[in-house]
Amino acid sequence: MRPGLLLSLLLCAALPAAAQQQDYAAANADRQAMLDLLGIKATRPGADGFNRDAPNAANYDEAKAGEPQLHGVLTMANGDRVDSARMWWRARRPELVELFDREIYGRVPASAPTIDWRVVREESAVEGGVPVVKKWLEGVADNKAWPQASATISLRVTLPRGKARVPLMLSFGFPEGFRFPGPPRPADPGPPYTEQLLQRGWGYAVLVANSIQADNGGLLKDGVIGISLRGKARGPEDWGVLRAWAWGASRAFDVLARDPAIDAKRIGIEGLSRYGKAALVTMAYDQRFAIGFVGSSGAGGAALYRRNFGERMGNLCASGEYHWFAGNFLKYCGVLTEFDLPIDSHQLIALSAPRALFIGAGTVETGDGWVDPKGSFLAAAAASHAWDLLGKPGLSSDVFPEALTPVTGGSLGFRQHQGGHNNRDNWPSFIDFAQARLGAKR
Ligand code: GCU
């Protein structure tokens, strides 16, 4: 099965059938209304990840991927060369942020709710041999202006007990005790990443993405997006779900940074697949995050839109994914194509510069081809110039590495593992990278 699809199918399976049908009908109607608003008559289909004989079968042949010409990260839209850090911060970075806001992820409106955080439970425990304190937090969105929509954001924090100012990794994840339906999966080999972090002096936290905003175009009138819209439908530039998840991570940062047990200068963000996309968007928009671990993020994340490999833009515009983006994104699935987009993923990656960023994926051979690992590496290589300009070397090699070979000598890292569509196999390498960049102990 296509990587990631399992996650989608299982997440849907978790909803009662009647709710699903209703949700998809509502998502289709919402998507169609946006297409009508934009005057788009028909959209291109994406790549078919199931049927190898389909005319639009997903391409996994490097020879057919194309060699996209990329607009340099250090060239302004008008062609001016960006030759100083000052010009990056004053002109180029804002120019890129504006394009990502307008065309891809959408803008956070001024009507986004404030979040009131409270600790609802606290416990001591021992994890991986490390004494810890665990806290369960709830962030209630102020919906006084539109009580028909609501959101209560769920955040779980685990910190080494009795330590001050520890570094912490925040992950986009699932509700506590969440299990994918179906037969239980075999346990992962080795200690979980959470124990690996604790043993190296880090804390960890899990932010439930769907508690910020549901992963469904039919539910945009609820959650933080719904509160901000006050009952109206989204306009073409309003925020999509990835931007909402990233915004929720920023709200989690607000409360984490107030905890004296956490070092606010060493908070990172992690995610896999659609949550990998969200982690990259978080790094791009919120410069308080010191480090990012972006796993198998694929199309709409680190992979180049302009390469034909695995998932394509048409998939992202379909009714199960379009809600991740601003309405305007649909324009590029009609008459226009990804080659008309004024930006591509290398420019999104560059927005993390000069902070530490690790991009990972499984190999094509072990089933992660859908996310285009090489397209993510090429994007990182093109983004790397932003790090160099800002005085922190980016990728330490511009040659696409073999599996299991980390390219982590600079502040922009990349590694492919052989575990398929997961982050598990890259955690040890990521933690080494994080230690080298930020150090666990002061
Ligand atoms: C699908 C989708 C990807 C996404 C993945 C996931 O495979 O096409 O874009 O990243 O689901 O999040 O599981």
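Described below are features of the structure shown in this document. (Residues numbered from 1 in each chain as written. Predicted model: local features only at pLDDT ≥ 70, side-chain atom pairs only at ≥ 80, totals over all residues. Heavy atoms only, no water.)

Ranked by size, the top nonpolar core spans 101 residues in total, and within it Y105, L155, L170, F172, W245 and I349 carry the most contacts. The element that contributes the greatest number of residues to this core is helix 7 (residues 241-257), accounting for 11 residues. Setting aside anything within four residues of it in sequence, one finds W245 in contact with F172, A209, N210, I212, Q213, D215, R274, Y275, A278 and W324. Counting residues in hydrophobic clusters, the runner-up holds 16 residues, among them L197, L198, F293 and A434. (Core = buried A, V, L, I, M, F, W, Y, C linked by side-chain atoms within 4.5 Å. Buried < 20%, exposed > 50% of the residue type's maximum accessible area, 1.4 Å probe, protein only. Helix = DSSP H or I, 4+ residues; strand = E, 2+ residues; numbered from the N terminus. Contact = heavy atoms within 4.5 Å.)

The next subject is the state of the cysteines. Going through the model one piece at a time under the given rule, you end up with one disulfide. Disulfide pairing is shown between C317 and C333; the S-S distance is 2.0 Å. Taking the sign of the S-S torsion, 75° for the link of C317 and C333, the bridge is right-handed. Of this pair, C317 sits in the loop between helix 9 (313-316) and helix 10 (345-350) while C333 sits in the loop between helix 9 and helix 10, and the two are 16 residues apart along the sequence. Given the relative accessible area of 1%, C317 is considered buried. (Disulfide = S-S within 2.5 Å.)

On to the packing of aromatic side chains, then. What describes a pair of aromatic rings is the distance from one ring centre to the other and the angle between the planes of the rings. What the rule picks out here adds up to 26 aromatic pairs. Among the aromatic residues, those joined into a ring-pair cluster are Y193, Y204, F293, F358, W427, F430 and F433. If you follow R121 out to its NZ or CZ, it ends over the ring of W136, 3.7 Å from the centre. R243 extends its terminal NZ or CZ atom over the ring of Y285, reaching a point 3.8 Å from the ring centre. (Phe/Tyr/Trp six-rings, centres within 6.5 Å; stacked < 30°, edge-to-face > 60°. Lys NZ or Arg CZ within 6 Å of the ring centre and 35° of its normal.)

As a further point, take empty space enclosed by the protein. Applying the stated criterion across every chain yields a total of two cavities of 30 Å³ or more. Its boundaries defined by the atoms lining it, the second largest cavity holds a volume of some 70 Å³. Looking at the second largest cavity, it is lined by 13 residues, and the ones nearest its centre are A299, A303, L304, F309 and E311. (1 Å grid on protein atoms, 1.4 Å probe; cavity = no way out; pocket = protein on both sides within 12 Å on 5 of 7 lines; lining within 4 Å. Points joined across faces, edges and corners; volume = space filled by probe spheres on them.)

All quantities given are derived from atomic positions and should not be read as evidence of function.
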